[in-house]
Amino acid sequence: MAEYLLPQGAGYGVVIGMGLFFSAFMILLTAIQARYTGFSPKDSEEFTSASRSIKPGLIASGIVSAWTWAATLLQSSAVAYKYGLSGPWWYGAGATVQILLFAMLAAKLKLNAPYAHTWLEIVGARWGRTAHLVFMFFGLATCLIVSSMLILGGSATVTDLTGMHTIAACFLIPLGVAIYVVVGGMRSTLLCDYTHTAVLFAIILTFIFTVYATSEKIGSPAKMHELLTLSSLINPVEGNKEGSYITMRSENGLVFGIINIVGNFATVFQDQAYWQRAIASRPATTVKAYLLGGLAWFSIPFTFATTLGLAAVALRGDPQMKVLTPADVSAGLPASAAAAALLGKAGAAAILILLFLAVTSACSAELIAVSSLLTYDVYKAYINPNASEEQILRVGHAGVALYAIVCGIAGTIFYYIGVSMGWLYTFMGVLLGSAVVPIALAITWHKANKWGCIGGAVLGFIGGMVAWLVTTAKLNHGVITVVTSGGDYEMLAGNVTSIGFGGIIAVVSSLIWPDNFDWETTRSINRPAPPSPDAAEQDSKSDLENEKKNASEVVTKPASIADSFDANEEANELDPVALRKAFRFASWASISLFVVLILLIPLPLFFSQHIYTVAGFTGWVAVGISWTFFSIFAVVIYPLWESRVAMYQISKGVIKDIFMKGGGRYQAEPPKTSAA
Ligand SMILES: NC(N)=O
């Protein structure tokens, strides 16, 4: 019987116990929200969009948490293990730029469809049913692939460390998350994500300081450099300059970088989770949130993999270090093996909790994203267009539960057919890449041609699959299996063909047969009707009556988070001139950062064939550590600062409830002037 570092009970304890803990936490947050703020958790807009009122720090933290997958920790470490220090760079930079570029789409969303619930609603309003259904395939497939990777990565690690049955983990992980998502909705999910992100950074810092400061086995960048140099001599890396682990000159690292860039475009641009955060965001600060979130996220895979992925190489031969097979590496196990070799059971437990936090917060984003697609793009669009508020909320809840079960089934199927998280990670661009450019054009370019974009997505998909399979057959003597099809060049061919075909067909056809779309159509999606004069008169009368009635109860005006944002403020923030300016800023900032992260830094290092000296490697590690502190400031400290007024008001309400027997409940007030 296999030996495990932790008892099976620890696996069940973390998966079930922490699932229940976060459910209880969510119930508490939801009760606080209902009592001390004006946002009702029973409102469907609030459930899916957090009333479009969230500030940039919390949105940035929600982006970091949704974008931190199991793969972010495990696959990044696996590519560090395989290709050396170029792996973490290509993983981090190659998945950061999409979030930065998404800032442009987020600005256009606020400009061109400010009241949409999903990106598919925009496609449907612009191009009709065929386009809606075709792109729905890509939207749902994206969420399914991402969720499957989360479940596969999470369950493989739990099984490896505790012996918990993989299938039990496949079902229990999403079901635990589903409970707390149903209880809370979008706002509480973002708050829960915030706590996950804070703990995640604390654990990552522990590993960084263990490896580079305190461990007796490594303990400094200089010792890591020495051990990596030794490893290069014993196990040189194929395709790297002199087989070294400490060079950016890595051919396979570069190939992975290209695959990574393509695949991550697909999983950002067509994943409702990122659109949903843009929708939940206040219009004036959406761009800031995406730029901040993208930059903050970079340090997670980059520094984590530069720490534990490289430690797994450095510790080869250590008696506590597990010997890793290619299948283990594909399942993403180098990080947990290194953590266990460095810190024993404590390291294993820390990585288990880290993984659980990453998987559950990203999984919660996917559950609520799919639930929104099922609610607005299936149920409301095709089954019950006149659905009531209550019906929409019920379908939203059912969608979360249904999708959690689907995630468990998908994880089980992939597990049994031998598809690992690493395989899916490199495959995602083959399957999904073709729709990236068409979707970006749908929301940003009035000339985008409907049939060109649909054709680009479909033909790019077919082209990508053919290129992938033909390359697999050619490079493997006609043998097409899960193993042979997962090679670097096989995946590269599929990824590049898929995104390239899709993009070229969509752009060229739009240039030849340009549309002239009037954005007024998408701007009117779900636009709230202006109040009729009669209704306004009625409202003001009943407000007056309510005011009189409540006058004795209201002690002071609680400037809670509820009145920090209202319909008038939202309308002001939707000013087209300001949003166009925000779009220009997003374009300028994100394209500049793309050039720096993908071209200016890595390519000269690749072509110069430089192998890092001790000083160079120390500097490289120092950049990673400094960036981690910047990230902690951006997504852990800044959200607290920007919510200080709201937290103060909520605390005041709680104190009043305790000492004044129920006087702390939120009271709505008509005049609204402050922004918390
Ligand atoms: N989110 C990713 N690509 O780790």
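Residues numbered from 1 in each chain as written. Predicted model: local features only at pLDDT ≥ 70, side-chain atom pairs only at ≥ 80, totals over all residues. Heavy atoms only, no water.

Some points on the overall build of the chain
Within the chain, the regular secondary structure consists of 27 helices and zero strands. Taking 26 Å as the expected radius of gyration for a compact globule of 676 residues, we find that the chain reaches 25 Å, a close match to that expectation. The buried share of the chain, taken over its 676 residues, is 60%. The long-range fraction of contacts in the chain, counting pairs at least 24 apart against all pairs at least 6 apart in sequence, stands at 85%. As displayed, the chain has an accessible area near 25300 Å², and 68% of this comes from carbon and sulfur atoms. In the chain, 40 positive and 40 negative side-chain charges are present, and the distance between their average locations comes to 2 Å. (Helix = DSSP H or I, 4+ residues; strand = E, 2+ residues; numbered from the N terminus. Rg over C-alpha atoms; globule rule 2.2 N^0.38 Å. Buried < 20%, exposed > 50% of the residue type's maximum accessible area, 1.4 Å probe, protein only. Contact = heavy atoms within 4.5 Å. Areas by Shrake-Rupley, 256 points an atom, 1.4 Å probe, with all protein chains shown as cover. Lys, Arg positive; Asp, Glu negative; His and termini not counted. Charge placed at Lys NZ, Arg CZ, Asp CG, Glu CD.)

Describing the pattern of salt bridges
Taken as a whole, this structure holds eight salt bridges when the rule is applied. The partner of K322 in a salt bridge is D160, and the shortest N-O contact between them spans 2.7 Å. Here K322, found in the loop between helix 12 (286-314) and helix 13 (326-330), pairs with D160, found in helix 7 (residues 129-162); they are 162 residues apart in sequence, far enough to count as distant. Across the pair D193 and R277 runs a salt bridge whose closest N-O atoms are separated by 3.3 Å. Remark: R277 occurs in helix 11 (residues 272-280) and D193 occurs in helix 8 (residues 166-214); sequence separation between them is 84 residues. What makes D193 buried here is its relative accessible area of 0%. R277 sits in the buried class, given a relative accessible area of 0%. (Salt bridge = Lys/Arg side-chain N within 4 Å of Asp/Glu carboxyl O.)

Regarding the nonpolar core
Counting 208 residues, the largest nonpolar core has W69 and F135 as the members making the most contacts within it. The biggest single contributor to this core is helix 14 (residues 334-383), with 25 residues. Residues contacting W69, with those up to four places away along its chain left out, are V146, M149, L150, N264, T267, Y274, A358, A362, Y425 and M428. (Core = buried A, V, L, I, M, F, W, Y, C linked by side-chain atoms within 4.5 Å.)

Quick notes on the confidence of the model for the chain
This prediction gives the chain a mean pLDDT of 88; 91% of its residues lie at or above 70. This stretch, residues 546-564, has a pLDDT under 50; its non-local contacts, to residues over four places away or in other chains, come to 38 contacts. Here residues 671-676 is modelled with pLDDT under 50, and outside its nearest four sequence neighbours on either side it reaches 14 contacts, counting other chains as well. (pLDDT = per-residue confidence, 0-100.)

Concerning the packing of aromatic side chains
By the definition in use, this model includes 37 aromatic pairs. Ring geometry for W89 and F302: centres 5.6 Å apart, planes at 85°, overall edge-to-face. Taken together, the residues W89 in helix 5 (residues 86-112) and F302 in helix 12 connect sequence positions 213 residues apart. The same class applies to W89 as to F302, namely buried. With a centroid separation of 5.1 Å and 80° between ring planes, the pair formed by F137 and F138 is classed as edge-to-face. (Phe/Tyr/Trp six-rings, centres within 6.5 Å; stacked < 30°, edge-to-face > 60°.)

Here's the deal with a nonpolar patch on the surface
A surface patch of nonpolar side chains, amounting to about 610 Å² of accessible area, comprises I504, V507, V508, L511, I512 and W513. Relative to the assigned elements, L511 resides in helix 20 (residues 488-512). Assessed through its relative accessible area of 58%, L511 is described here as exposed. (Patch = residues over 30% accessible without salt bridge, like charges linked within 9 Å, V, L, I, M, F, W, Y side chains within 5 Å.)

Some thoughts on the packing of helix 3 (residues 56-67) against helix 26 (residues 614-642)
Contact pair helix 3 / helix 26: the axes reach a minimum separation of 7 Å and the direction vectors enclose 150°. With respect to helix 26, the axis of helix 3 lies roughly antiparallel. The interaxial crossing formed by helix 3 with helix 26 has left-handed handedness. Contacts from P56, G57, L58, A60, S61 and V64 in helix 3 reach V635, Y638, P639 and E642 in helix 26. (Axes fitted to C-alpha atoms, helices over the stretch in contact; angles between N-to-C directions. Parallel < 35°, antiparallel > 145°, perpendicular 65-115°, else oblique. Left-handed = near helix turned anticlockwise from the far one by under 90°.)

Section: helix 9 (residues 221-234)
Since the α-helix advances by 3.6 residues per turn, residues separated by three or four positions end up pointing in the same direction. For helix 9, which comprises 14 residues, the first-to-last C-alpha distance of 20 Å matches the rise-based estimate of 20 Å (1.5 Å per residue) to within 8%. When we look at burial in helix 9, the residues that qualify are P221, M224, H225, L227, L228, S231 and S232. Close packing links the buried residues of helix 9 with helix 8, helix 12 and helix 26. (Expected span 1.5 Å × (residues − 1).)

Considering the side chain of S587
Within the element layout of this structure, S587 appears in helix 24 (residues 576-600). On the basis of relative accessible area, S587 is assigned to the buried category, the value being 15%. A polar atom in the side chain of S587 sits 2.7 Å from the backbone oxygen of F583. (Polar contact = N/O pair within 3.5 Å; in protein donor to acceptor, adjacent residues only side chain to side chain.)

Things to note about the environment of A529
Following the sequence through the fold, A529 ends up in the loop between helix 21 (520-523) and helix 22 (533-550). Judged by its relative accessible area of 68%, A529 falls in the exposed class. Separated by 228 residues in sequence, A529 and P301 have C-alpha atoms that sit 45 Å apart.

Topic: the state of the cysteines
Using the criterion set out here, one finds zero disulfides in the structure. Cysteine C192 is unpaired, with the sulfur of C363 as its nearest cysteine sulfur at 12 Å. No disulfide involves C407; its sulfur sits 5.2 Å from the nearest other cysteine sulfur, which is in C363. With relative accessibility at 1%, the residue C407 sits in the buried group. (Disulfide = S-S within 2.5 Å.)

Description of helix 18 (residues 450-475)
Taking 1.5 Å of rise per residue, 26 residues should cover 38 Å, and helix 18 covers 37 Å from first to last C-alpha, within 8% of that figure. Two or three places before W451, at the start of helix 18, stands the capping residue N449, its side-chain oxygen 2.9 Å from that residue's backbone nitrogen. Positive phi shows up at H477, right after helix 18, with a value of about 55°.

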